[in-house]
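Overview (structure and organization)
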Amino acid sequence: MDLPDPPLERVTLTGCDRVVAVPAHFDVAYVEPIVNGRTGDFTALFDVTVSASDGDRIELTGRVEQQRHLRPDGEPPEADGFQLSLDDDTVIARCRTVDGFFRERTELLAPPVTLLGFRPSPGFAAALAAWRPDGTEDLELSAAISARHADGPEFGILEPGVFSTVRAVRPSALGPDLLDVELEDGVWEPLPAGARPLWESWLRQRPTVSGTWVPLSPHMRHEWLRLALADHRYRARPDRPAGTTYHLDGTQVTDGNAFYCALGEAINGPGGYFGWNGYALNDCLRGEWGAAPPFTLRWTAHEKAKNSMGVESFTELMAVFAQADVTVTLA
């Protein structure tokens, strides 16, 4: 399911040094803190319209990414300034302060969940039999949600899953012994509706050809990586021995998610996982994720990734590999 769109908000940047002309509108922009000359974790703004740009001040409206509603940054980070950039890493301006951006926000609530074709466990069936939906006593459901491959293996989808009060129970059209269970609440961080075809395809047959993720949008590539991570936890194999050489084809590495899709397949084959952000990559480089360090990574067409990710991000990535004693040969 999709969370509702965040509301439009007004953001003002002051003390700005413009790097390029400020566009009147752009689909997505990023606000990044600058500390000691380096940019930190960004926050995305969508549907951005610049309402004023004069002197050293830029005023705009946009929708702050959903994550900032789920995990708001109430106070600005300690930073020397902030950078406003576009999706292609073009820096628009570097500014001293950002007003109206770092604050508490109303949580975006997912729509209530209905569990279709629900076969209760014996314990929950007994609780259902004793429950009366007259509001005198609540029936709570606390559960994780898992998926099952057509060939049997099971892996987790949502953590923590659903923690909600049962609102109604009715016979299900999916089977004579099954129920549809309506809940009062949604789930924490639901998977977007657009990811459903990925899950259905993956559950029928795990990817067997590299590059299946290439046609996906950057957002759906992130969901692909979520699938790859969930699948890897239940199909983990012993690490290939230290000293192994892996081949990373950078032809399709046009953003950060694409890099991790390509890296996962370079290490663990089609649909493989080897991190989906810098923190996860550090974990994988400690071993037990398919490749025992030290190893060699032969990265072809790396210039495309450097241009799309930005030289600074590329340099930081290379430093992570070097710290883990991974030799990266660029071609």
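As the structure is a computational prediction, the values presented were derived from the model and not from experiment. Position numbers for residues count from 1 along each chain, tracking the sequence in the order it is written. It should be noted that, the model being predicted, local features are given only for residues of pLDDT at least 70 and side-chain atom pairs only at 80 or more, the latter also being counted only at that level, while totals for whole chains, interfaces and linings use all residues. With hydrogens and water set aside, each side-chain value is computed from the structure's full complement of heavy atoms.

1. Some details on the overall build of the protein
Summing up its helical and strand segments, the protein has eight helices and 16 strands in all. With respect to the three principal axes, the spread of C-alpha positions in the protein is 65 × 55 × 30 Å. Only protein chains enter the accessibility calculation, which uses a 1.4 Å probe; a residue is then buried when its area is under 20% of its type maximum, exposed when over 50%, and partly exposed in between. Across the 331 residues that make up the protein, the buried fraction comes to 42%. The protein chains shown are the only cover counted for residues, whose accessible areas, like all others here, come from Shrake-Rupley with a 1.4 Å probe. When the accessible surface of the protein is summed, it comes to about 17,200 Å², and 52% of that surface belongs to carbon and sulfur atoms. Two residue types count as positive, namely Lys and Arg, and two as negative, namely Asp and Glu; His and chain ends fall outside the count. In this description, the location of a charge corresponds to atom NZ of lysine, CZ of arginine, CG of aspartate or CD of glutamate. Separation between the mean location of the 29 positive side-chain charges and that of the 48 negative ones in the protein comes to 4 Å. A run of H or I in DSSP becomes a helix once it reaches four residues, and a run of E becomes a strand once it reaches two; helices and strands are each numbered from the N terminus.

2. Comments concerning the sheet that holds strand S15 (residues 296-300)
A pair of strands is labelled paired if DSSP reports no fewer than 2 bridges between them. Ordered by their spatial adjacency, three strands build an open sheet running S14-S15-S16, and the pairing between neighbours is parallel. Sheet topology places strand S14 (245-249) and strand S16 (327-330) at the edges, where each strand pairs with a single neighbour. Strand-to-strand twist across the sheet, computed as the mean angle between neighbouring axes with direction ignored, equals 20 degrees. Sheet topology places S15 next to S16; four bridges connect them, and they run parallel. Each axis is a line fitted through C-alpha atoms, and for a helix only the stretch in contact is used; angles between axes span 0 to 180 degrees, taken between their N-to-C directions.

3. With respect to helix H4 (residues 218-235)
Every α-helix winds through 3.6 residues per turn, so residues three or four apart in the chain are directed the same way. Helix length check: H4, at 18 residues, gives a terminal C-alpha distance of 25 Å against a target of 26 Å (1.5 Å per residue), a fit within 8%. All buried positions along H4 are accounted for by Met220, Arg221, Glu223, Trp224, Leu225, Leu227, Ala228, Leu229, Ala230, Asp231 and His232. Looking at the packing, one finds that the buried side of H4 touches strand S12 (154-171), helix H3 (196-204) and helix H5 (256-268). One less than the number of residues in a helix, times 1.5 Å, gives the span that helix is expected to have. Note on definitions: a residue-residue contact is assigned when non-hydrogen atoms from the two residues lie within 4.5 Å.

4. Here we look at the sheet that holds S12
Strand order in the open sheet made by the four strands is S10-S13-S12-S11, with antiparallel pairing throughout. Strands with a single pairing partner mark the edges of an open sheet, and in this sheet they are strand S10 (114-118) and strand S11 (140-148). Sheet twist, expressed as the mean angle between neighbouring strand axes with direction ignored, is 50 degrees. Where S11 meets S12, eight bridges bridge the pair, whose relative direction is antiparallel.

5. Here we look at the environment of glycine 37
Topologically, glycine 37 is positioned in the loop between strand S3 (25-35) and strand S4 (38-39). For the pair glycine 37 and glycine 81, spaced 44 residues apart in sequence, the C-alpha to C-alpha distance is 9.1 Å.

6. Focus: the side chain of aspartate 180
For aspartate 180, the location among the structural elements is in strand S13 (residues 179-183). Here glycine 117 takes part through its backbone nitrogen, which lies 3.0 Å from a polar atom of the side chain of aspartate 180. Discounting chain neighbours no more than four positions away, the residues touching aspartate 180 are Thr114, Leu115, Leu116, Gly117, Ala168, Val169, Arg170, Pro171, Ser172 and Ala173. We define a polar contact as two N or O atoms separated by no more than 3.5 Å, with the added condition that, inside protein, one atom must be a possible hydrogen donor and the other a possible acceptor, whereas residues neighbouring each other in sequence contribute only through side-chain atom pairs.

7. Details of the nonpolar core
By convention a nonpolar core is built from buried Ala, Val, Leu, Ile, Met, Phe, Trp, Tyr and Cys residues, the set being connected through side-chain atoms within 4.5 Å. By size, the foremost hydrophobic cluster in this structure holds 58 residues, and its most contacted members are Phe259, Leu263, Phe274, Leu281, Phe295, Leu297 and Phe321. Take this core: its biggest share by element is eight residues, from H5. Core analysis: the second largest hydrophobic core is formed by 21 residues, Leu13, Ala29, Phe101 and Phe102 among them.

8. Quick notes on the packing of aromatic side chains
How two aromatic rings sit relative to each other is set out by the distance from centre to centre and by the angle between their planes. In this analysis, rings of Phe, Tyr and Trp, with Trp reduced to its six-membered ring, are considered paired at centre separations within 6.5 Å, and the interplanar angle assigns stacked below 30 degrees, edge-to-face beyond 60, and tilted for intermediate values. One pass over the full model with this rule turns up twelve aromatic pairs. Measuring from ring centre to ring centre gives 5.7 Å for phenylalanine 82 and phenylalanine 102, while their planes differ by 40 degrees; the resulting arrangement is tilted. Of the two residues, phenylalanine 82 is situated in strand S7 (residues 81-86) and phenylalanine 102 in the loop between strand S9 (97-99) and S10; the sequence distance between them amounts to 20 residues. Both residues of the pair, phenylalanine 82 and phenylalanine 102, count as buried. Relative to phenylalanine 102, the ring of phenylalanine 101 has its centre 4.9 Å away and its plane inclined at 85 degrees; by these criteria the two rings are edge-to-face. Summarising the burial analysis for this pair, phenylalanine 101 and phenylalanine 102 share the class buried. Chaining the aromatic ring pairs together yields one cluster made of Phe259, Tyr260, Trp299 and Phe314.

9. Structural notes on a negative patch on the surface
Taken together, the side chains of Glu137, Asp138, Glu140, Glu184 and Asp185 present a region of like negative charge at the surface. Checked against the element boundaries, glutamate 140 lands in strand S11. The patch calculation keeps residues exceeding 30% relative accessible area without a salt bridge and links them within 9 Å when they carry like charges or within 5 Å when they are nonpolar (Val, Leu, Ile, Met, Phe, Trp, Tyr). Put simply, a salt bridge is a Lys or Arg side-chain nitrogen that is within 4 Å of an Asp or Glu carboxyl oxygen.

10. Some remarks on helix H7 (residues 302-309)
Three or more residues of H7 are buried, namely His302, Ala305, Ser308 and Met309. On an axial view of H7, the arc spanned by its buried residues comes to 130 degrees, and they lie on one face. By construction, the arc corresponds to the directions joining the helix axis to the C-beta atoms.

11. Considerations on the state of the cysteines
The disulfide criterion is simple: two cysteine sulfur atoms within 2.5 Å. Considering all chains together, one arrives at one disulfide under this definition. Free of any disulfide, cysteine 284 has its nearest cysteine sulfur in cysteine 261, 13 Å distant.

12. Observations concerning the pairing of S7
In terms of burial, S7 is a largely internal element, six of the six residues being buried. Across the two faces of S7 the burial is the same, with Gly81, Gln83 and Ser85 and Phe82, Leu84 and Leu86 all buried. Of the pairings in the sheet, the one linking S3 to S7 comprises six bridges and is antiparallel in character. What sits directly across from valine 31, in S7, is leucine 84.

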